[in-house]
Every structure is written in C-alpha cells, then in structure tokens.
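# Analysis of the macromolecular model
Given next are the chains, with one letter for each unit.
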Amino acid sequence: MARTLAMILAGGAGTRLFPLTQSRTKPAVPFAGGLRLVDLVLNNFVNSDLLKIYLLTQFKSQSLNIHLRQAWYLSGLTGNFIDAIPAQMRMGKRWYEGTADAIYQNIRLIEQHDPDNVCIFGSDHIYKMNVRQMVRYHEKSGAALTVCATRVPISEAHRFGVIEVDENFRMTGFEEKPAHPKPLPGNPNMALVSMGNYVFDAQVLYKSLYADAEDKLSSHDFGHDIIPKLYKDKQVQVYDFTQNTIPGEIHNHYWRDVGTLYSFWEAHMDLLACEPQFELNNEKWPLRSFHPPVPSARILADEGGHHSTILNSLISSGCKIVGSRVERSVLGFNVHLGAGSRLHECVILGKAHIGAGSYLNRVIADKGVCVAPGTEVGVNPLQDKARGLTVTEEGLTVIAKGMKVGFE
C-alpha cells in the first residue's frame, strides 16, 4: 500500500450546478452544512490510510485551494502529502482536454514516485468507501485496471459508463453514457455502472496515456477512450462496491452523483431521515473538514415569547434561529433567521440572513444571501424568475452567492 499513489480529479467546472459553481469549482461546493464535496473522497483515502494524494485543479480553484490549506495540510516529514496541483500546461498551451489528458499532463509527477498502483478518483460523489479494500482486490486479481461499479436504475444509467462482466467480474463490455443502456442479466430494471474510480497498474497506465495522447481522434477521456480499448486487450476487473465495508456501519452502500441541482438537493434531503442512508456520525469513519471558529448554534424564542421549532433538520455552528420554524432543511455555518421566518425543505449553504416573517420553500441558497423581511421565495416561480433567481424543472429555486432578494 505504501507504493500506491492517488490522483484526484478536482477541476470540474460543474456547469449543471450553476449558479452554485458561478464563483467556485464543483468540488468546492459546500455539502451537509459543514463539508465540501471534495471532503468525501479525501476522507475515503485518509480513513483508508492512503496518504500520498495529488488533487488536480483547474477551473475557479481559489476557494478550493483555501479549503485544502485550512482542512487538509499534512506535514511532509512522513513522506505523506495532500497537494493541490493547478493546471500548468506542461504539454502545451492548453487546458485539460479530458480526464485522461489531465493525468497525462501530470504524468511526470506520477513517474517521480514510481508507484505500483495509481488510484484515479473523481471528487464530486457522495459515498463512503474503504479504498484499501479495492486496492487489495486489484492486486490479488493481477488486473491491469480495476473499475469500481455500482448498480443504478436503468432509467438513470444513460448518465454513466455502463459495464458488462462475466461470472468472475472481468469486464466484457463497456459503453460510456449510452442512449440505450444494457440492463443487468436477469434484472431489466437495473444496470451496472462505473463510479469513475479506477486503480491502474502504473506501467499499464503510462502506456495507455502515451498511446492516447498520440491519437488525434481521441477525446482523451477514460470512459470514452481508455477503458473501451483496454478491456479488449488486457485484464480489466470490476470491483463490486457492495462488497466494500466501513467499520461502525451496517452498509447499504449509498452512492449519489450530485451532478445537477436537483440531485444535490435530494442528497441533502437523504440526510434528514431518522435512519439516513448516508450517516454523518461515525467515530470509526470521521468526516473531517475545516470548521470556522464560530460559537454553537443558538435556538431562541423571539421577543414576543414565540419559540423556535426545528423538525428533521441539520443546524451548523454559528446559526442563530429566533422564533422561527425550520422543517426538513440543512443550514450551513452562520445562518441567521429572523423572528417568524419559515424554512421548508431548504438547503442554506452558509452566512445567510433570512429576514423576519420570510417563507422559503424548497430553496437552495448559496453563501452570503440576504432575504428581506416578509419575502416569499419558492412559492411563485414567475416572481422568482423575475427577481433573477434560478428555477429548475423540478420546482427548486436557487439563490446565487451574495444575492439580495426582496429589497425592491
């Protein structure tokens, strides 16, 4: 395991999460009140005791870099590190042209460590995984590449790379984002899909990347180009995510791709069940992040003696809730709710001021948002659009970072 290097792809623009990605890269988007999306994959590696990690950044990376410095600094004395690597155009004056090209442009960093295994993971999924177990499976099988896979409803499979395997879970077919996904044998309602997490034999990775870089017709993407070629010539194993175990948890193997505003909102609502599928509290698998120096949350009655009511919600430190009702909502750091305000199925990312008597319904509010007293958001879609807010097809209203709403 000491000869395992991790390369985490953390440069995504996250266009489908706009306006949450208006001023930050997708991995830096806050999640669950006190985390960022990138924290999920970093905790998976750190809790797995795999501590040689490069994060490849690109678009709007400043807030991500600040977060990594505050939350994930490791001393170099032990030889372990978590380093952010900006796009440096080592191979010419161009940005990364695909996931494979991102690794190729940093191939010298990998070669300097001379690893046996290279883990290449994304940074925008919600899940827990003991990566060490996947690496062991890869080494035991002797595979050139191991791809982590999970099962999703066939109606969602077109968003992923769909996999076919034999009885030994060796890959026999792969199609990236097919229009007509192939279902699992004997289960027409489910498909086996790639989670975008790979363990490569280092020598195989080098050869694949150099060959791909010379291919003028390639899109330089692992899903579109590398994997479809590799499984036909080499042994590519598929690691079944349902076989992974986390200490302290009875597994249901939760995994969610938060690529859209609705899936981002849904992932937050999943946290609010009495027995959530994704458990935030596990002392044996802590979810580390940066926590600002703010006091405990305060839940108060207003001056008229009206008490606050909190139902099935997550409330972060620094929040001040005065005579308000919060139902099935997630509040990040330093959210202030004025007297008589009401939140229903909302995600407030932090540092927000919600005025007295306001009502927010199925709203995602980015940091620094200010809502005027008595304002309704998420009730009248036409009014929300007229205010310059984003309204999704599913009926969510999204307030961009720093916006002031209702102060007309």
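So, here is what we can say about the structure in this document. Computed from a predicted model, the values in this text were never measured in an experiment. The written sequence of each chain sets the order in which its residues are numbered from 1. Given that this is a predicted model, residues contribute local features only at a pLDDT of at least 70 and side-chain atom pairs are listed and counted only at 80 or more, while totals for whole chains, interfaces and linings are drawn from all residues. Calculation of side-chain values draws on the structure's entire complement of heavy atoms; hydrogens and water are dropped beforehand.

### With respect to the overall build of the protein chain
A run of DSSP states H or I qualifies as a helix once it reaches four residues; a run of E qualifies as a strand once it reaches two. Both are numbered from the N-terminal end. Helix and strand content of the protein chain: nine helices and 30 strands. Here the globule rule reads 2.2 Å times residues to the power 0.38, and the radius of gyration is calculated from C-alpha atoms. The C-alpha radius of gyration computed for the protein chain amounts to 22 Å, which stays within 12% of the reference 22 Å derived for 408 residues, consistent with globular compactness. Judged by the C-alpha coordinates and their principal axes, the protein chain covers about 75 × 55 × 45 Å. Three exposure classes are used, based on accessible area relative to the maximum for each residue type with a 1.4 Å probe and protein chains only: buried under 20%, partly exposed in between, and exposed over 50%. The proportion of buried residues among the 408 residues of the protein chain is 53%. Residue pairs at least 24 apart in sequence account for 58% of intrachain contacts in the protein chain once pairs closer than 6 positions are excluded. Between two residues, a contact is recorded if the distance between any of their heavy atoms is within 4.5 Å.

### Comments concerning the sheet that holds strand β18 (residues 325-327)
Being paired, for any two strands, means DSSP has found at least two bridges between them. Pairing is parallel across the open sheet formed by five strands, whose spatial order is β15-β18-β21-β24-β27. With partners counted over all chains shown, the strands left at the sheet margins are β15 (309-311) and β27 (376-377), one partner each. As judged from the three bridges shared by β15 and β18, these two strands associate in the parallel manner. By the bridge assignment, L311 is partnered in β18 with E327.

### Description of helix α2 (residues 62-71)
Three or more residues of α2 are buried, namely L64, H67 and L68. One side of α2 holds all its buried residues, which, seen down the axis, span an arc of 100°. Opposite the buried face of α2, by more than 90 degrees, sit the exposed residues Q62 and R69. Comment: arc refers to directions from the helix axis out to C-beta atoms.

### Some thoughts on the nonpolar core
Throughout, nonpolar core names a set of buried Ala, Val, Leu, Ile, Met, Phe, Trp, Tyr and Cys residues whose side chains join them through atoms within 4.5 Å. M7, I103, I120, M171, F200, L205 and F222 are the most contacted members of the largest nonpolar core, which has 39 residues in total. Excluding residues within four positions of it along the chain, M7 makes contact with Y54, L56, I103, N106, I110, V118, C119, I120 and F121.

### Comments concerning the environment of G248
Turning to its location among the elements, G248 is positioned in the loop between β12 (236-240) and β13 (255-257). You can call G248 exposed: its relative accessible area is 58%. In sequence terms G248 and S219 are 29 residues apart; their C-alpha atoms lie 42 Å from each other. Apart from residues lying up to four places away in sequence, G248 is in contact with N282 and K284.

### Notes on the packing of aromatic side chains
To describe a pair of aromatic rings, you give the distance between the ring centres and the angle between the ring planes. Centres within 6.5 Å are what make two rings of Phe, Tyr or Trp a pair, Trp counting through its six-membered ring; a difference in plane orientation under 30 degrees is then read as stacked, over 60 as edge-to-face, and the rest as tilted. Scanning the model with the defined rule gives 12 aromatic pairs in all. On the numbers, 4.8 Å between centres and 45° between planes, the contact of Y54 with F81 is tilted. Residue Y54 is found in strand β4 (residues 52-56), and its partner F81 is found in strand β5 (residues 81-85); the two are separated by 27 residues along the sequence. Summarising the burial analysis for this pair, Y54 and F81 share the class buried. Look at Y198 and F200: their rings are 6.4 Å apart centre to centre, the planes differ by 75°, and that puts the pair in the edge-to-face class. We note that Y198, like F200, is buried. An aromatic cluster is present here, built from Y198, F200 and F222 joined pairwise through their rings. Lying over the aromatic face of F278, K128 brings its terminal NZ or CZ to 5.3 Å of the ring centre. Any Lys NZ or Arg CZ that is within 6 Å of a ring centre and within 35 degrees of that ring's normal is treated as a charge sitting over the ring.

### Observations concerning the packing of helix α6 (residues 202-214) against helix α7 (residues 222-233)
The contact between α6 and α7 brings their axes to 11 Å, and the two run at 120°. On the basis of the axis angle, α6 is oblique to α7. Here the hand of the crossing between α6 and α7 comes out right-handed. Contact with α6, carried on its side by V204, L205, S208, L209 and D212, involves F222, D225, I226 and L230 of α7 and no other residues of that element. Only Asp, Glu, Lys and Arg are considered charged, only Ala, Val, Leu, Ile, Met, Phe, Trp, Tyr, Cys and Pro nonpolar, and every remaining residue, Gly among them, polar. The residue makeup of the contact of α6 with α7, split by class, is six nonpolar, one polar and two charged. As a rule, the C-alpha atoms of each element are fitted with a line to give its axis, helices using only the stretch in contact, and angles between N-to-C directions run from 0 to 180 degrees. Roughly parallel covers angles under 35 degrees, roughly antiparallel covers those over 145, roughly perpendicular covers 65 to 115, and oblique covers all other angles. Helix crossings are classified by the rotation of the near helix relative to the far one: an anticlockwise turn of less than a right angle makes the crossing left-handed, while a clockwise turn makes it right-handed.

### Remarks on unusual backbone geometry
For the bond from F18 to P19, the omega torsion is 15°, close enough to zero to count as cis. When you line up the elements, P19 lands in the loop between β1 (4-9) and β2 (30-31). Although it is not a glycine, N312 adopts a positive phi angle of roughly 45°. Along the chain, N312 falls in the loop between β15 and β16 (314-315). In this structure, K351 takes a positive phi of about 50° despite not being glycine. Summarising the element assignment, K351 is placed in the loop between β22 (347-348) and β23 (353-354).

### Focus: the sheet that holds β23
Sheet strands pair via backbone hydrogen bonds, and the direction of the pair is either parallel or antiparallel. Taking strand neighbours across the sheet as the criterion, the six strands line up as β14-β17-β20-β23-β26-β30 in an open arrangement whose pairing is parallel. Each edge of the open sheet carries a strand with a single partner, namely β14 (298-300) and β30 (404-405). With two bridges connecting them, strand β20 (residues 336-337) and β23 associate as parallel partners. Pairing of L337 across the sheet is with I354, part of β23.

### Overview of the pairing of β12
For β12, the buried fraction is high: five of the five residues fall into the buried class. The side-chain alternation of β12 yields two buried faces, one formed by V236, V238 and D240 and the other by Q237 and Y239. Of the strand pairs in this sheet, strand β8 (residues 145-153) and β12 are connected by five bridges, and their pairing is parallel. Residue pairing across strands places C148 opposite Y239, the latter belonging to β12.

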